[in-house]
There are 2 protein chains.
Amino acid sequence: MAEYIESLQNLAEQFGRLSGVGRKSALRMAFSVLDMTDEEAVEFARAIVDAKEKIHLCPVCMNLTDRDLCGVCADETRDRSTICVVSDVKTVIAMEKVREYRGTYHVLHGVLSPLNGITPDKLRLKELLERVKEGTVKEVIVATNADVEGETTAMYIARLLRPLDIKVTRLAFGISVGTDIEYTDEVTLFRALQGRQDV
Amino acid sequence: MAEYIESLQNLAEQFGRLSGVGRKSALRMAFSVLDMTDEEAVEFARAIVDAKEKIHLCPVCMNLTDRDLCGVCADETRDRSTICVVSDVKTVIAMEKVREYRGTYHVLHGVLSPLNGITPDKLRLKELLERVKEGTVKEVIVATNADVEGETTAMYIARLLRPLDIKVTRLAFGISVGTDIEYTDEVTLFRALQGRQDV
């Protein structure tokens, strides 16, 4: 049926291109659009073009922004001596939700994965090095995942920044709060043991 | 974070208005848009406005279409003596997938539900009555769901068309193909028993 109606089919295909949207969901979304008023549909279409046009990388930290600087870099109360290095913007969002971190960020836009062609020059490492070289930075916290790529990236950054004599730390890995130790996987338990602290 | 970037936040809210899309999915979709090229984003936006502008109800059967008539009504090989009455366009899509039904459709755009204010005048029943009165229709198959609203609607249509002396039938309800009888719920089993047929 949808194939009879070209413009509905086309819209469903467009939704289907979004990450995590299957064929059935895409069709359901296309029907949702038909339930909108004309004004709502135009507003929706404009939001897409708007976001695409206005959003760009913050020239300091490579985070996304629709202003000159991103919200964090523009905030004068943030501590510029600490940079938290993350793989993507979604990690920035997660970190900001904690409302505990008061430093700045640096978004790499990926993690090292030579087998997939993600070599150091593909990441925003040069920009990080330049920021650190300016001299105000005292600590770089690497907040990449605990998988092979994340660990490799953390190691690479530690080695890259070593000559500059600043502290490079890594987020702690261990047992999630609320998780039974009994059900924790071996690797996590190993990391928790390694990172044990005085009580 | 997303709240720092107004246009991203706005786009995520637009996605969040679509049926079945939660806050997290909406944000993920908004990020997907940022990963598109400018041309892709414009194409997406255009597809929304296009679908909304071009799609309207088929004047014969109230199905959706972006032509003069819907695909089924425009198809001269379809049997105009049979009308399958459905509650919405999605049922038409489901029926068409079977590739077995060669008659036409009539989309009610809802089912009777007086408690929710859906009275007969809110559905496309007048249009159905007019089509049947023209005289070429011999059978009306009511394909509404087996719930209270669906049954009420089927009953209403049967009574509405009775004076016109045409056959009004209802889709068979029973055990789904591939389902164990052991696990079939009582109501379905009751319907299956009622509808039993000679072997």
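Residues numbered from 1 in each chain as written. Chains lettered and ligands numbered in written order. Predicted model: local features only at pLDDT ≥ 70, side-chain atom pairs only at ≥ 80, totals over all residues. Heavy atoms only, no water.

As a further point, take the overall build of chain A. Summing up its helical and strand segments, chain A has eight helices and six strands in all. Starting at the N terminus and ending at the C terminus, chain A contains elements arranged as α-α-α-β-β-α-β-α-β-α-β-α-β-α. On C-alpha atoms alone, chain A measures out to a radius of gyration of 22 Å, which is more than a quarter above the 16 Å that the 2.2 N^0.38 rule sets for 199 residues. For chain A, the C-alpha atoms occupy an extent of roughly 65 × 45 × 35 Å along the three principal directions. A burial count over chain A gives 41% of its 199 residues as buried. For chain A, restricting intrachain contacts to residue pairs at least 6 apart in sequence, the fraction spanning at least 24 positions comes to 48%. Accessible surface, chain A as shown: approximately 11,800 Å² in total, 51% of it carbon and sulfur. (Helix = DSSP H or I, 4+ residues; strand = E, 2+ residues; numbered from the N terminus. Rg over C-alpha atoms; globule rule 2.2 N^0.38 Å. Buried < 20%, exposed > 50% of the residue type's maximum accessible area, 1.4 Å probe, protein only. Contact = heavy atoms within 4.5 Å. Areas by Shrake-Rupley, 256 points an atom, 1.4 Å probe, with all protein chains shown as cover.)

Moving on to a negative patch on the surface. On the surface, Asp38(A), Glu39(A), Glu40(A), Glu43(A) and Glu53(B) cluster together to form a negatively charged patch. Looking at the secondary structure, you find Glu39(A) in helix H3 (residues 38–54). Look at Glu39(A) and you get exposed, because its relative accessible area is 57%. (Patch = residues over 30% accessible without salt bridge, like charges linked within 9 Å, V, L, I, M, F, W, Y side chains within 5 Å. Salt bridge = Lys/Arg side-chain N within 4 Å of Asp/Glu carboxyl O. Lys, Arg positive; Asp, Glu negative; His and termini not counted. Charge placed at Lys NZ, Arg CZ, Asp CG, Glu CD.)

Time to look at the relation of the copies chain B and chain A. Each copy superposes on the other: chain B lies on chain A with an RMSD of 0.1 Å after a rotation of 180° and an axial shift of 0.1 Å. Taken together, these values place the two copies in the relation of a two-fold axis. Considering only C-alpha atoms, the residue of chain B closest to the rotation axis is Ala45(B), which sits at 2.1 Å. Of the interface residues in chain B, 100% have counterparts in chain A that sit at the interface too, so the contact is made through matching surfaces. (Least-squares fit on C-alpha atoms with pLDDT ≥ 70 in both.)

Time to look at the pairing of strand E3 (residues 79–86) of chain B. Residue and element names in this part refer to chain B. Counting buried residues along E3, six of its eight residues qualify, which places the element largely inside the surrounding structure. Pairing analysis gives five bridges linking E3 to strand E4 (residues 103–107), with the strands arranged parallel. Bridge pairing links Cys84 to Tyr105 in E4. Pairing of E3 with strand E5 (residues 139–142), which is carried by four bridges, proceeds in the parallel orientation. Counterpart to Val85 in the pairing with E5 is Val142. (Pairing = 2+ DSSP bridges.)

Residues and elements named next belong to chain A. Across four bridges, the pairing between strand E5 (residues 139–142) and strand E6 (residues 167–170) is parallel. Among the inter-strand pairings, Val142 is bridged to a residue of E6, identified as Arg170. In this view, the connection linking E5 to its parallel neighbour E6 by way of helix H7 (residues 148–161) has right-handed handedness. (Right-handed = clockwise from strand over helix to strand, strands pointing away.)

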